Amino acid sequence: MTLDVESTMALAEDEPAVATFLEEHGGRVDHSDVAVEDGIRWVSLHPRAEPQECFVARLAWSIYPHRPPSIAFCDGVGGPTNVMGAWPRIPGYRAPNDICMPFTAEGFALHPDWANGPNGWRPSPNPYLRVVTQLQDDLDYRCTGRCK
């Protein structure tokens, strides 16, 4: 997914805060050769209660920061997004298809009414960090294991 110049620059500017947050929680932003595409970011996250578990999320931005990303979980960086066991079991996370929550492109596509009010997408101050923080919070407090 190729981003416009403004989106590429804004995403690069916001990424250091995301990397710091993930490092503090045992995760990371993956910068392997697979992760080079402009609008795609791969992040590894670990639930607080089970730090040995690793979930890899693929965030695909079409326009940053003005639209939410498409998010899917993969069986490793660059892996397919349709592997049930790669997904955490969390309400609203519909493995292996999508996450129906107000921080994903899929959620807003299914619920256009979310665009207004408290669930509306906010393009500032750092939506990349907000999304990753939400994923980590969901893993820490709402996850009941891996999907099977």
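Now for a quick tour of the structure.

Basis of the calculations
- Residues numbered from 1 in each chain as written.
- Predicted model: local features only at pLDDT ≥ 70, side-chain atom pairs only at ≥ 80, totals over all residues.
- Heavy atoms only, no water.
- Helix = DSSP H or I, 4+ residues; strand = E, 2+ residues; numbered from the N terminus.
- Buried < 20%, exposed > 50% of the residue type's maximum accessible area, 1.4 Å probe, protein only.
- Lys, Arg positive; Asp, Glu negative; His and termini not counted.
- Salt bridge = Lys/Arg side-chain N within 4 Å of Asp/Glu carboxyl O.
- Contact = heavy atoms within 4.5 Å.
- Axes fitted to C-alpha atoms, helices over the stretch in contact; angles between N-to-C directions.
- Parallel < 35°, antiparallel > 145°, perpendicular 65-115°, else oblique.
- Left-handed = near helix turned anticlockwise from the far one by under 90°.
- Nonpolar A, V, L, I, M, F, W, Y, C, P; charged D, E, K, R; others polar.

1. Considering the side chain of Asp-140
Along the chain, Asp-140 turns up in helix H3 (residues 127-141). Within the buried set, Asp-140 has no salt-bridge partner at all; the shortest N-O distance to an opposite charge, 4.4 Å, is to Arg-48. Not counting chain neighbours up to four residues away, the residues in contact with Asp-140 comprise His-46, Pro-47 and Arg-48.

2. A few points about the packing of helix H1 (residues 5-24) against H3
In a packed pair of helices, the relevant descriptors are the angle between the two axes and the axis-to-axis distance. Direction vectors running N to C along H1 and H3 enclose 25°, while the axes themselves pass 8 Å from each other. Accordingly, the angle class assigned to the pair H1 and H3 is roughly parallel. With respect to the hand of their crossing, H1 and H3 are arranged in right-handed fashion. In contact with Leu-11, Asp-14, Glu-15, Ala-17, Val-18, Phe-21 and Leu-22 of H1, H3 contributes Pro-127, Tyr-128, Leu-129, Val-132, Thr-133 and Gln-136. The class makeup of the residues in the contact of H1 with H3 is nine nonpolar, two polar and two charged.

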